[in-house]
Amino acid sequence: MPNDIANSIILVGNPNVGKSVLFHRLTGAYVNVSNYPGTTVEITQSATKFDANTNLIDSPGVLSLPSRTDDERATMKALLNEKIRCIIQVGDAKNVRRTLNLTALLTELKLPMMLVLNMQDEAIARGLMVNTDELAKELNIPVIPAVATSGEGIDAVISHISQVKIPDPILHYDVVSEEIITKMSEFIQQNCPHKFLASRGLAILFLGKDSEVEEWIASQLGKTKFPEILALRDFLQQKLNENYANLSDVKGFDFQENQAAKNTQNIQNIQNIQNIQNIQNSNINSNLNSKENNLLLSALFARERSLAADTLSKTIISRSLNSSPLLSQKIGQYVVHPFWGFPILLAVLYAVYQFVGVFGATTLVGLLEEDLFGEILNPAFTTFFENLNSKTLNIAWLNDLIVGEYGLWTMGMTYALALILPIVSTFFIAFGILEDSGYLPRLSVIANRIFAMIGLNGRAVLPMILGLGCVTMATLTTRILSTPRERLIAIFLLSLAIPCSAQLGVVLGMLGSYSLKAVIIWTLCMVGVLLLTGFLASKLIKGRRIPLVTELPPMRLPVLANVLKKTGGRLKWYLLEVIPLFLLGTLLMFVLDKLGVLPAIIEFGEPLVTGFLGLPKEASAAFVMGFLRRDFGATGLFTMAENLSEIQALVGMVTLTLFIPCFASFVMIIKEKGVKVSLLMLVMIIPFAFLVGGVLNQILRIVY
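This write-up is about the structure you can find in this document. Keep in mind that what you see is a predicted model, and the values were worked out from it rather than measured.

Definitions and cut-offs
- Per chain, the residues get numbers from 1 upward, laid out in the order the sequence is written.
- In keeping with the model being predicted, local features are shown solely for residues with a pLDDT of at least 70 and side-chain atom pairs are shown and tallied solely at 80 or more, while totals for entire chains, interfaces and linings include all residues.
- Note: side-chain values were computed over all heavy atoms of the structure, leaving out hydrogens and water.
- Secondary structure elements are taken from DSSP: a helix is a run of H or I of four residues or more, a strand is a run of E of two residues or more, and numbering for both begins at the N terminus.
- N or O atoms within 3.5 Å of each other form a polar contact, as long as, within protein, one can give a hydrogen and the other can take it, and as long as residues adjacent in sequence are counted only when both atoms are side-chain atoms.
- Here a residue-residue contact requires only that any non-hydrogen atoms of the pair lie within 4.5 Å.
- By definition here, a salt bridge exists when the distance from a side-chain nitrogen of Lys or Arg to a carboxyl oxygen of Asp or Glu is within 4 Å.
- Working definition: with a 1.4 Å probe on protein chains only, accessible area under 20% of the residue-type maximum means buried, over 50% means exposed, and in between means partly exposed.
- With axes taken as lines fitted to C-alpha atoms, and helix axes fitted only over the stretch in contact, angles between N-to-C directions fall between 0 and 180 degrees.
- Any angle that is under 35 degrees is reported as roughly parallel, and any over 145 degrees as roughly antiparallel; angles of 65 to 115 degrees are reported as roughly perpendicular and all others as oblique.
- Lys, Arg, Asp and Glu make up the charged group, whereas Ala, Val, Leu, Ile, Met, Phe, Trp, Tyr, Cys and Pro make up the nonpolar group; the residues left over, Gly among them, are polar.
- Here is the rule: rings of Phe, Tyr and Trp (six-membered ring for Trp) pair when centre to centre is within 6.5 Å. Planes less than 30 degrees apart are stacked, more than 60 are edge-to-face, and the remainder are tilted.

One can find Thr 27 in helix α1 (residues 19-27). Polar contacts involving the side chain of Thr 27 include one to the main-chain carbonyl oxygen of Phe 23, which spans 2.7 Å. If sequence neighbours within four positions are ignored, Thr 27 has contacts with Ser 46, Ala 47, Thr 48, Lys 49 and Leu 56.

Here it is, written out as structure tokens:
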């Protein structure tokens, strides 16, 4: 049947092995080409250059299978639901052992495969030589050495796609494990066989508690039949537990032989007293809970695969005795050095600030907002539209809607294109350079200890830094974090204490005009609030902190083409996704103004603004505008700078920075966490922002 024809090829591999670069080489389509975990959060697909009828899928990087993280679940979901013709596993030629560890599981799916060992040049530079011919014989599949960034090996990949084969398995498990796998695979084959994936592979994944495989099997079996396979798994797990009680003794040998050894009292020959106690407890207690059994089974299979990968890799890898550390390796060591890492970090942040905050937020914004839009485009468009309206529809309020104070063009499009676009463009370029250089994963390592204080790990530094460009997009990228708890904490902190680049530029420009001390006080307030609220959130939100496990790719000289492609893709996202939100927010402000609600809100908040915060009553409008866009509010205060004291400027900027996220960010929070959580954040953030601002006002008036 046509619907059963497999027409998709899927790229699968560990993080940072070059899947996205290879995807671009084979399709010509854009995808984020990055080397920090989580770049390809969602599945990317495109027709290939060599065959328009073949669909190529770029899956997220997986550390291992069965799936545990969102990236791994997305990859497993693609394997289950797409019509896969073959797998192209992309591996790191510098880390063949880790590559083969994943290969050992993929071979069990019995899909035609090819293995591409990428970054061959870096492996050779490190004195590593991989015998790809021998590896191809062992696996019975094509093994292609490649350098995807330069295009080396791409033609060989394309030419060998027609020669892919079902691979030979790397290992056979011990007798008892094989019996368990066989029984489970027979049940799956009889009751819910997959059209493309082997029942044996699905059995191993199901026994290892892969949530996506569980969900797929449940959908196939139905509510009445699914409990049977769960009961079978519990029975098989108990059988494994009875045959081998202590995981720490697993060495890959036969379980039945080991059980016999224990039964003949050889246990006293074991030197580790803790192991003796574990074995005795396990033999005595036959009522182990399900969680312990699950861990035993999945860990056992993983260890078997690891041992097999280690054994095979030793037979195909040779190392040159004359190899010495590369300059990139030395640089990589310096940037995470306990002493040199922080000065380098400060230098990098200063360079980013000069490029984004000075060149982007000052020079480019001045050229676009003041010169191009302010003096040329806006006057011309206003005249054109007013004349067009008077000659056709002649509706007075239509002029206000399009080119008025809250006009879709004069406010929405002007601020989106003239103010924000140049700032996010420069930020995306800077961010892309840091990505391609390999610095961002190392920044995660540097920041890990600090983020541990707020219940996160160093990986959270990536959305936080991205939030300095655009909190809306940073909210979306919290998906790279491992758990819902971490994502919730990160989104809350982004909404509260992370200013976007546009607002940051206005804040630094305004406070800098007063004194450096004002800038330092504002910075200390933001960092203090970030750490305090993060610490409290980590204690109140249930769950545990996930330790940082990240791949450190080699430091590289960024490739200009890749940086520009990433910048172009992100700007496309900005234009298509964010600008409509800006226009919607502008329309909301227009409606509120026409209905008289906006002036009423300003009047209602005036006592709080003038009394508790000590600001002039005109500042009330800045907070309402801040909901539309944070930099709108900051700009509102900036225009009042001549009438504000240094204390008022500080209080106003601190309060506005902590104030509710802009409309676009709020919509994105709703998309990520739902309406209930989003409204709860607003209820918490609004009074907290005014509380901090009011307390700061009182303190500054005492000490200043």
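Back to the write-up after that little detour.
What follows deals with the pattern of salt bridges. Counting across every chain of the model gives eleven salt bridges. Among the salt bridges present, the one from Asp 92 reaches Lys 94, with a minimum N-O distance of 3.0 Å. For Lys 225, the salt bridge is made with Glu 228, and the minimal N-O distance between the two is 3.3 Å. Taken as a pair, Lys 225 and Glu 228 lie in helix α9 (residues 211-243) at a separation of three residues, close to a single helical turn. On the basis of relative accessibility, which here comes to 38%, the residue Glu 228 falls in the partly exposed class. Several salt bridges share partner residues, and in doing so they unite Asp 92, Lys 94 and Glu 122 into one network.

All right, on to the packing of helix α20 (residues 484-497) against helix α28 (residues 663-673) then. Contact pair α20 / α28: the axes reach a minimum separation of 12 Å and the direction vectors enclose 170°. By the angle class used here, α20 and α28 are roughly antiparallel. Taken together, the residues of α28 that come into contact with α20 (itself represented by Pro 484, Leu 488, Ile 491 and Ser 495) are Ile 669, Glu 672 and Lys 673. Grouping the constituent residues of the contact of α20 with α28 by class yields four nonpolar, one polar and two charged.

So, on to the packing of aromatic side chains. A full pass over the atoms with the stated rule returns nine aromatic pairs. Taking 5.8 Å as the distance between ring centres and 15° as the angle between the ring planes, the aromatic pair formed by Phe 355 and Phe 359 counts as stacked. Residue Phe 355 and its partner Phe 359 are located together in helix α14 (residues 341-391), separated by four residues, close to a single helical turn. A relative accessible area of 29% places Phe 355 in the partly exposed class. Phe 359 gets classed as partly exposed once you look at its relative accessible area, which sits at 36%. Ring centres of Phe 381 and Trp 409 lie 4.9 Å apart, and the angle between their planes is 35°; this geometry places the pair in the tilted category. Of this pair, Phe 381 sits in helix α14 while Trp 409 sits in helix α16 (residues 408-437); the two residues are 28 residues apart in sequence, bridging distant segments of the chain. Owing to a relative accessible area of 27%, Phe 381 belongs among the partly exposed residues under this scheme. Judged by relative accessible area, Trp 409 falls into the buried class, the value being 19%. Ring-pair connections join several aromatic residues into one group, and the members of that group are Phe 373, Phe 381, Phe 385 and Trp 409.

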